[in-house]
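Spelled out, the chains give:
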Amino acid sequence: MLAASYFFYGYWKIEYLSLIVISTTVDFLAAQYIHRNKSQVKKRIGLSVSLITNIGLLMFFKYAGWFMEDVLHPAAAIDLAQIERFKSFWNFALPVGISFYTFQTIGYTIDVYYGRSQPENNPLKFALFVSYFPQLVAGPIERFSSLHHQLFSPSKWNYQNLQHGGRQILYGLFIKMCIADNISPIVDVIFNEPSAANSTQLAFGAILFGLQIYSDFHGYSLIAIGTARLFNVKLMDNFNAPYTSISIREFWARWHISLSMWFRDYLFIPLGGSRVNQLKLALNIMIVFLVSGLWHGANWTFVIWGAMHGLAYLLERFFISKNTANWLNFPKWIATMTIVFTAWIFFRSESLAHAAGYIMSMLNNTGNGVDLTFEPIHISLIGLFILSDLHFRNRSISTWLDQKSLVIRWVVYAFLVFCIFGFAGISNHPFIYFQF
């Protein structure tokens, strides 16, 4: 399985396997050192080595160019000639999944430091934990305590694993290929020419991108979870109908759940969590959301995206009562979705100027409109996906199918296969979160 995982990653760019090996080696040794020493000072040294190495690699490969061009250059700390020399010398692509496996291995070292996990003594087993191929490149971000015993406990072939895993893979492929890949060309047209599109198209584009990124990432997560299930490994759910949320707080409890939990356990709580004064609490929350935005990419647009969610979260927490009448749920849902889909404009835009131009064009209705081609069958599939997401709120498609007859189950399977072969997007669109 370790060889398969390394082949899986190395097939894309074999030289970047070295980064996984470095993170694996450093954290394996650091955890052993932390566990072996009683001195708190030595334990902190071991943890510091792990954090500096992993965050250093992440910062260098993901943020060095952006930091020089957008931070140091405007501050007159570096000139354009130096930036161009750096770019020409370090002409590399962003390592796929570096943010995911870095957080996973950092979490392991922190858990050992706080005594929440015992260190793994077998380096090959630990290497598999770091590089387990179903969730290596885009999560879910798993804990060592959860994944360890599943990877290494003896298990036999089980038809139920094949059944449940196959269902999740099939539904994930449907969501990715029939929903996300058909929405993507429309979103590209609108976001590439926001000044030409009219207000309705621009608002439609923001909503479509929200559906695209959700179906794209949710589809991948289901495929990863289903693939792991084939090997008798149960990964955590990563999404739970986030667009049904009536608050930003609920949205983040339903969106990219593994990342939200990682930030809660490894950043928010160490900062003091909720057991601090109100000013410090507000600062802690904003730090988490700003770091979350920056985690997604080296661009100010992601920082603004995180800041918008953070400010909305603080507004809800300090100024809006949780105990409101049920009839207010719909207005709260509208307000929450307005914030979420407006923030998606910054997430999708190439720069702050591009995002500002998009929003100004949407408010002023300056464009005459762009030519959009949207087949009726695609509208039907999107509608079906939205209804199914509502239906599977707080439960999985596999659990629902368990309660149905053999005939209904196979009708659903046949329908999903038919849609995948008949209505999948005609061009290849890589998973969006592979870039993070």
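This text follows the structure it describes.
Treat the numbers as computed from the prediction; the structure is a model and nothing was measured. (Residues numbered from 1 in each chain as written. Predicted model: local features only at pLDDT ≥ 70, side-chain atom pairs only at ≥ 80, totals over all residues. Heavy atoms only, no water.)

### What about the overall build of the chain?
Defined as follows: Each helix is a run of DSSP H or I of at least 4 residues and each strand a run of E of at least 2, with the numbering of both proceeding from the N terminus. Burial classification: accessible surface area is computed with a 1.4 Å probe over protein chains only, and a residue below 20% of its type maximum counts as buried, one above 50% as exposed, and the rest as partly exposed. Each accessible area value is a Shrake-Rupley result obtained with a 1.4 Å probe; residue values ignore everything except the protein chains displayed when judging cover. Working convention for charge: Lys and Arg count positive, Asp and Glu count negative, and His plus the chain ends are omitted. Note on charges: their place is set at NZ of Lys, CZ of Arg, CG of Asp or CD of Glu.
Along its length, the chain carries 18 helices and zero strands. Its C-alpha atoms give the chain principal-axis dimensions of about 65 × 65 × 50 Å. Going through the 436 residues of the chain one by one, you find that 52% of them count as buried. As displayed, the chain has an accessible area near 20,900 Å², and 65% of this comes from carbon and sulfur atoms. Between the mean site of the 30 positive side-chain charges and the mean site of the 22 negative ones, the chain shows a separation of 15 Å.

### Overview of the nonpolar core
Here is the rule we go by: We define a nonpolar core as any set of buried Ala, Val, Leu, Ile, Met, Phe, Trp, Tyr and Cys residues linked to one another through side-chain atoms lying within 4.5 Å. Two residues qualify as a contact provided that any one of their heavy atoms is within 4.5 Å of a heavy atom in the partner residue.
Judged by nonpolar contacts, the single largest core of 118 residues is most densely connected at Phe 174, Tyr 243, Trp 255, Trp 344 and Tyr 433. Sequence-distant contacts of Phe 174, that is, excluding residues within four places in its chain, are made with Ile 179, Leu 381, Leu 384, Leu 416, Cys 419 and Ile 420.

### Some remarks on the pattern of salt bridges
What counts, and what does not: The rule for a salt bridge is simple: a side-chain nitrogen of Lys or Arg has to be within 4 Å of a carboxyl oxygen of Asp or Glu.
The full count for this structure, using the stated rule, is ten salt bridges. Between Asp 111 and Arg 116 there is a salt bridge, with the nearest N and O atoms lying 2.9 Å from each other. Asp 111 gets classed as buried once you look at its relative accessible area, which sits at 5%. Owing to a relative accessible area of 46%, Arg 116 belongs among the partly exposed residues under this scheme. Across the salt bridge formed by Asp 188 and Arg 348, the nearest N and O atoms sit 2.8 Å from each other.

### Details of the environment of Asp 389
Mapping Asp 389 onto the fold places it in helix 16 (residues 376–391). Note on Asp 389: relative accessible area 10%, which makes it buried. In sequence terms Asp 389 and Leu 124 are 265 residues apart; their C-alpha atoms lie 39 Å from each other. With residues near it in sequence (within four places) discarded, Asp 389 still touches Tyr 214, His 218, Ala 241 and Pro 242.

### Some points on the environment of Val 407
Residue position: Val 407 is located in helix 18 (residues 406–423). Classification of Val 407 as exposed rests on a relative accessible area of 61%.

### Notes on the packing of helix 1 (residues 2–10) against helix 2 (residues 17–36)
We apply this condition: Note on definitions: angles span 0 to 180 degrees between N-to-C directions of axes, and those axes are lines fitted to C-alpha atoms, for helices only across the stretch in contact. Should an angle fall under 35 degrees it is called roughly parallel, over 145 degrees roughly antiparallel, and 65 to 115 degrees roughly perpendicular, with every other angle called oblique.
Two elements in contact, helix 1 and helix 2, have axes separated by 9 Å at closest approach and are oriented at 135 degrees. Classed by the angle they form, the pair helix 1 and helix 2 counts as oblique. In this structure, helix 1 contributes Tyr 6, Tyr 9 and Gly 10 to the contact, and helix 2 contributes Leu 17, Ile 20, Val 21 and Thr 24.

### What to know about helix 15 (residues 352–364)
Just so we agree on the cut-off: In this scheme, a helix's expected span is set at 1.5 Å multiplied by one less than its residue total. The directions considered for the arc run from the helix axis to the C-beta atoms.
The end-to-end C-alpha distance of helix 15, which contains 13 residues, comes to 18 Å, matching closely the 18 Å that a straight helix rising 1.5 Å per residue would cover. Buried within helix 15 we find His 354, Ala 355, Tyr 358, Ile 359 and Ser 361. Buried residues of helix 15, viewed axially, fall in a sector of 160 degrees; they line one side. Away from the buried face of helix 15 by more than 90 degrees, exposed residues Ala 353 and Leu 363 are located. The elements touched by buried residues of helix 15 are helix 8 (159–192), helix 9 (199–230) and helix 14 (329–348).

### Here's the deal with the state of the cysteines
Short version of the rule: To count as a disulfide, a pair of cysteine sulfur atoms needs to be within 2.5 Å.
Inspection of every chain in the model, using the stated rule, returns zero disulfides. Here Cys 178 stays unpaired: no disulfide links it, and the sulfur of Cys 419, its closest cysteine neighbor, is 5.5 Å away.

### Some words on unusual backbone geometry
The peptide bond linking Gly 139 to Pro 140 adopts the cis configuration, its omega dihedral lying at 5 degrees. We note that Asn 232 has phi near 65 degrees; this positive angle belongs to a residue other than glycine. Mapped onto the elements, Asn 232 comes out in the loop between helix 9 and helix 10 (248–254). Classification of Asn 232 as partly exposed rests on a relative accessible area of 28%. The phi angle at Ala 241 is positive, at roughly 45 degrees, despite the residue not being glycine. Owing to a relative accessible area of 4%, Ala 241 belongs among the buried residues under this scheme.

### Re empty space enclosed by the protein
We apply this condition: As defined here, a cavity is a set of points on a 1 Å grid over the protein atoms alone where a 1.4 Å probe fits but cannot get out. A pocket is an open set with protein on both sides within 12 Å along at least five of seven lines, and residues line them when an atom is within 4 Å of a point. Grid points are joined across faces, edges and corners, and a volume is the space filled by probe spheres set on the points. Following the grouping adopted for this structure description, the nonpolar residues are Ala, Val, Leu, Ile, Met, Phe, Trp, Tyr, Cys and Pro, the charged ones are Asp, Glu, Lys and Arg, and the polar ones are all others, Gly among them.
In this structure the tally under the stated criterion is one cavity of 30 Å³ or more. Considering only enclosed or pocket space, the largest cavity measures out at about 40 Å³ in volume. Forming the boundary of the largest cavity are Phe 100, Tyr 101, Gln 104, Val 130, Gln 135, Leu 136, Gly 139, Pro 140 and Ile 141. When residues of the lining of the largest cavity are assigned to their parent elements, the largest contribution, three residues, is made by helix 5 (residues 98–113). Of the residues contributing to the lining of the largest cavity, the split by class is six nonpolar, three polar and no charged.

### Side note on the packing of helix 1 against helix 6 (residues 123–131)
Threshold: Crossings are assigned a handedness: left-handed for a near helix turned anticlockwise from the far helix by less than a right angle, right-handed for a clockwise turn.
Following both chains from N to C, one finds helix 1 and helix 6 inclined at 40 degrees, their axes separated by 9 Å at the closest point. In terms of orientation, helix 1 lies oblique with respect to helix 6. Regarding helix 1 and helix 6, the two cross each other, and that crossing is left-handed. Between helix 1 and helix 6, the residues in contact are Leu 2, Ser 5 and Tyr 6 and Leu 124, Ala 127, Leu 128 and Ser 131, respectively.

### Looking at a nonpolar patch on the surface
Selection rule: What goes into a patch is any residue over 30% in relative accessible area without a salt bridge, connected to like charges within 9 Å or, for nonpolar side chains (Val, Leu, Ile, Met, Phe, Trp, Tyr), within 5 Å.
Residues Met 1, Trp 157, Tyr 159, Leu 162, Leu 230 and Phe 231 make up a contiguous nonpolar surface patch of about 650 Å² in total accessible area. Position of Phe 231 relative to the elements: it lies in the loop between helix 9 and helix 10.

### Comments concerning the packing of aromatic side chains
Where we set the bar: Any two of the Phe, Tyr and Trp rings considered here, Trp counted by its six-membered ring, make a pair once their centres fall within 6.5 Å; the pair's planes then place it as stacked at under 30 degrees, edge-to-face at over 60, or tilted in between. Lysine NZ or arginine CZ positioned within 6 Å of the ring centre and within 35 degrees of the ring normal marks a charge as sitting over the ring.
Counted by the stated rule, this structure contains 54 aromatic pairs. Their ring planes at 35 degrees and their centres at 5.9 Å tell us that Phe 126 and Phe 129 sit as a pair that is tilted. Residue Phe 126 and its partner Phe 129 are both found in helix 6; the two are separated by three residues, about one turn of the helix. This pair shows no difference in class: Phe 126 is buried, exactly as Phe 129 is. Lys 62 extends its terminal NZ or CZ atom over the ring of Trp 295, reaching a point 5.4 Å from the ring centre.

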